[in-house]
Every structure is written in C-alpha cells, then in structure tokens.
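Examining the three-dimensional arrangement
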Amino acid sequence: MRVLIAIIVTCIVTITAVAQDKADIRVSYLQKYKNHTGYDLEKKYILYTNGAVSKFCDPMAEYVDSLCSTPKGKEEYNMMLTKAIKSGSAPLSPSSTLCVFQSLADNKVKVFDKSGNDYYTYTEPMGEMEWAIGDSTKTVLGYECIMARSNYHGREWTAWFAPEIPASFGPWKFHGMPGLILEAVDADDMYMFEATGLERCSKEISPLCSISNYSRADRKEMLKAARYILDNPYAYLAAITGQSVKELKDDDEEEDNINKNWDFLETDYR
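Owing to the predicted nature of the structure, the values given are computational and were not obtained by experimental measurement.

With that settled, consider helix α6 (residues 233–241). Turn by turn, an α-helix covers 3.6 residues, leaving residues three or four places apart pointing in a common direction. Turning to α6, its buried residues number three or more, namely Tyr 234, Tyr 236 and Ala 238. Once α6 finishes, Gly 242 follows within two positions and takes phi at roughly 85 degrees, a positive value.

So this is what it looks like as structure tokens:
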C-alpha cells in the first residue's frame, strides 16, 4: 500500500495539467495543543492534495459548508441542530473554522478562518516559510522521514517530511519541503501536528461554498483582534450586545485563568 501510494504521487507531475483540482491523496492529521488556560486539547483535520494544490480543513466544517450551500441543505442542517439540542446530544459543529488552500502554480497560501463573529480571509506568498534540512530521521506511518526546521511567523518548528511522497505540503500552512510533511512540533511544545492516516482518493479539491461570507483582512490585525477577545471576553460581548460588562458578568464569576505565555500558532502580530 505504501509503495503504491508513492508511485501514484510520483505520477502526479505528468497529470497535473489535466487534474489540477482533483486530490489523489487524503491525509488525516491530529493537532494536539494546549489552550490559553493550559488544557490539553485535540482537533482533527484532513489534507487533500495531488502534489500541485492542497486543501487543509476540519472534515466536519467541510461537510457543514457543503450542506449549507443550498436552502434545502440549510434547512436540513437547522433541523439536525434542533434535534440534537432537544435530545441533549452534541450538536453537529466543527472543532475548527480554519481552512487553508495552497497552490504551487500560484505560489500562494490562502487562509479562511473566523475571529469572534467575523469570517475573514487573507493570502500570503509561499516564500515566507524557509527550511533547514537536518540529518535526523524517524519513521511516521511506515515512511522514513527527514527532519527540517523553520522559523515561521514567530515560532520555531521542527518537521518530519517523507521524500517518498513528493507532495510539497503538510498540515496547516506547512509547505516547501521535497516530500509530504507528516509531523511538526513547535519548540515550546505548545502545538503538534501528526499524521494518523494516509490513503488514496479521487476527490475534487472544492472551494468553500460560503466564500461570500468572508471578508479580506490583514493577518496580523485579525490575530490582534482574536487576542483581544481572548483577553477581554466580557468587553467584547458588551460591544456586540450593547449590554454592560456588569450586566453580563456575575459578581462571583471568576475570570479565565489565562496563561500569559500562551499564544496562537503565529506570534508575530504583537
């Protein structure tokens, strides 16, 4: 199976012009991280790629986005939410709103995400992520991977890529290596991405159906806004509801114990 996947990916170079937007590989990733109060949490993501383009997203978010692209789908989704609430079960909601598209031909990374009630998107060039390849190796999902390091937007990352799979992408925004990145961890051990599965597929790398909901934004400004909401939740709620902080907060309610050393995946907005 492992050899077969490598052969298929190698052939991508010759068929890119024909099937540039159809993925041949589906990679499952688990993101492990500590939140702002120190809890260990996890998120599941999927990477679709054919070696020329890629899409990285929460699979549930992709499903909801597709379902809500039509009036009938929105109605069905609302019915599912209502049913879940009435039954006391967990609602059908994604764990992440992040979606990242990358294209070697365009040399661009396109990011879609949400901060508070605002859906935003921005684009950045691929050249901002540079790597230094090391000598260490390790095995991930049965593939021999080589270590590489990069300082990207404020964090030092150590990644492991598989030359046997010549797709220059990975989880989140990672790209630029001569092989698929299967694992990455930051120097502070706050964030880690690890591949948990890899398989062949034949799937269109579809754009977001709800793209009209997103507004163009500046990356650093959106991170600043997200940090303000995190540090000042009641002030943010007061601003969007018109109520006062005193009305929103109980007198005996404690503030979140935010670790001031905690930060987002990117820290260069400060």
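Here we come to the confidence of the model for the protein chain. Low pLDDT means the predicted coordinates in that region are not meant to be read closely. Of all residues in the protein chain, 89% attain a pLDDT of 70 or more, and the chain-wide mean is 87. In this model residues 1–19 is a low-confidence stretch, pLDDT under 50, and it forms 26 contacts with partners more than four residues away in sequence or in other chains.

For the rest of this paragraph, the subject is the environment of Arg 155. Tracing the sequence through the fold places Arg 155 in strand β9 (residues 155–162). Taking the relative accessible area as the measure of exposure, Arg 155 reaches 5% and is therefore buried. With 110 residues separating them along the chain, Arg 155 and Leu 265 place their C-alpha atoms 7.4 Å apart. Sequence-distant contacts of Arg 155, that is, excluding residues within four places in its chain, are made with Ser 150, Asp 186, Asp 188, Met 190, Tyr 191, Asp 263, Phe 264, Leu 265 and Thr 267. A distance of 3.2 Å separates a polar side-chain atom of Arg 155 from the backbone oxygen of Asp 263.

The description of two aromatic rings rests on the distance between their centres and on the angle between their planes. Taken as a whole and judged by the stated rule, the model has 17 aromatic pairs. Ring geometry for Tyr 33 versus Tyr 191: centroids 6.2 Å apart, planes at 10 degrees, classification stacked. Residue Tyr 33 is located in strand β1 (residues 22–34), and its partner Tyr 191 is located in strand β11 (residues 191–204); the two are separated by 158 residues in the primary sequence. Residue classification places Tyr 191 among the buried positions, given a relative accessible area of 5%. Taken together, a centroid distance of 6.4 Å and an interplanar angle of 75 degrees make the contact between Phe 56 and Phe 193 edge-to-face. Placement of the pair is Phe 56 in strand β3 (residues 53–57) and Phe 193 in strand β11, with a sequence separation of 137 residues. Of the two residues, Phe 56 and Phe 193, neither departs from the other in class, the shared state being buried. Following the ring pairs from residue to residue traces out a cluster consisting of Tyr 29, Tyr 45, Phe 56, Trp 131, Tyr 152, Trp 157, Trp 172, Phe 174 and Phe 193. Cation over ring: Lys 138 sits above Trp 160, and NZ or CZ is 5.2 Å from the ring centre.

Rules behind the numbers
Residues numbered from 1 in each chain as written. Predicted model: local features only at pLDDT ≥ 70, side-chain atom pairs only at ≥ 80, totals over all residues. Heavy atoms only, no water. Buried < 20%, exposed > 50% of the residue type's maximum accessible area, 1.4 Å probe, protein only. Helix = DSSP H or I, 4+ residues; strand = E, 2+ residues; numbered from the N terminus. pLDDT = per-residue confidence, 0-100. Contact = heavy atoms within 4.5 Å. Polar contact = N/O pair within 3.5 Å; in protein donor to acceptor, adjacent residues only side chain to side chain. Phe/Tyr/Trp six-rings, centres within 6.5 Å; stacked < 30°, edge-to-face > 60°. Lys NZ or Arg CZ within 6 Å of the ring centre and 35° of its normal.

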